[in-house]
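As a plain string of letters, each chain reads:
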Amino acid sequence: MKGLKMMKVGDLVNWSEFGGGWSGGPKEGDYCGLLLEVIPQIRRRNGFRPARVKVLDGDGEIITTRKIYVEVMT
């Protein structure tokens, strides 16, 4: 991932290469929304839960998605 930046609350984010790779979904580089919260990865005895983010999209809905699917707009 080129230009990797730390995500902060209030940043504008767009869909990354991984998030845009799904058929019928958003394209890579499309606007995703405003970052509301970064939920860190949780390690457990029998695995882990990946890092997640909450994003406020243009329609006013709150989306919770994996952190690797979005990136900070430059």
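Below, the structure is looked at part by part. (Residues numbered from 1 in each chain as written. Predicted model: local features only at pLDDT ≥ 70, side-chain atom pairs only at ≥ 80, totals over all residues. Heavy atoms only, no water.)

Quick word on the nonpolar core
One finds M7, V13, W15, C32, L35, V53, V55, Y69, V70 and V72 forming the largest nonpolar core, which totals ten residues. Elements with a contribution of two residues or more to this core: β1 (12–15), β2 (31–39), β5 (52–56) and β7 (70–72). Setting aside chain neighbours within four positions, we find V55 in contact with V13, C32, G33, L34, L35, L36, E61, I62 and I63. (Core = buried A, V, L, I, M, F, W, Y, C linked by side-chain atoms within 4.5 Å. Buried < 20%, exposed > 50% of the residue type's maximum accessible area, 1.4 Å probe, protein only. Helix = DSSP H or I, 4+ residues; strand = E, 2+ residues; numbered from the N terminus. Contact = heavy atoms within 4.5 Å.)

Here we look at the pattern of salt bridges
In total, this model carries one salt bridge according to the counting rule given. K54 serves as the salt-bridge partner of E37, at 3.8 Å between the closest nitrogen and oxygen. With E37 in strand β2 and K54 in strand β5, this pair connects stretches of sequence that are 17 residues apart. (Salt bridge = Lys/Arg side-chain N within 4 Å of Asp/Glu carboxyl O.)

Remarks on the environment of P26
Here P26 lies in the loop between β1 and β2. Considered as a pair, P26 and W15 are eleven residues apart in the sequence and their alpha carbons are 7.2 Å apart.

Here we look at the sheet that holds β7
The strand order across the open sheet built from five strands is β6-β5-β2-β1-β7, with neighbouring strands paired in antiparallel fashion. Among the strands making up the open sheet, the edge pair consists of β6 (62–66) and β7. Recorded for the sheet is a direction-independent mean angle of 45° between the axes of neighbouring strands. Note: β2 against β5, five bridges, orientation antiparallel. In the sheet register, L35 faces β5, and the bridge partner there is V55. (Pairing = 2+ DSSP bridges. Axes fitted to C-alpha atoms, helices over the stretch in contact; angles between N-to-C directions.)

Structural notes on the pairing of β1
In the sheet, β1 pairs with β2 via three bridges, with the strands oriented antiparallel. Paired with L12 across the two strands is L34, which belongs to β2. By the bridge criterion, three bridges tie β1 to β7 in an arrangement that is antiparallel. Among the inter-strand pairings, W15 is bridged to a residue of β7, identified as V70.

So, the side chain of S16
With respect to the element layout, S16 can be found in the loop between β1 and β2. The buried category is assigned to S16, whose relative accessible area is 1%. Of the polar contacts made by the side chain of S16, one reaches the backbone oxygen of I68; its length is 2.7 Å. What S16 contacts, discounting residues up to four positions off in sequence, is E28, I68, Y69, V70 and E71. (Polar contact = N/O pair within 3.5 Å; in protein donor to acceptor, adjacent residues only side chain to side chain.)

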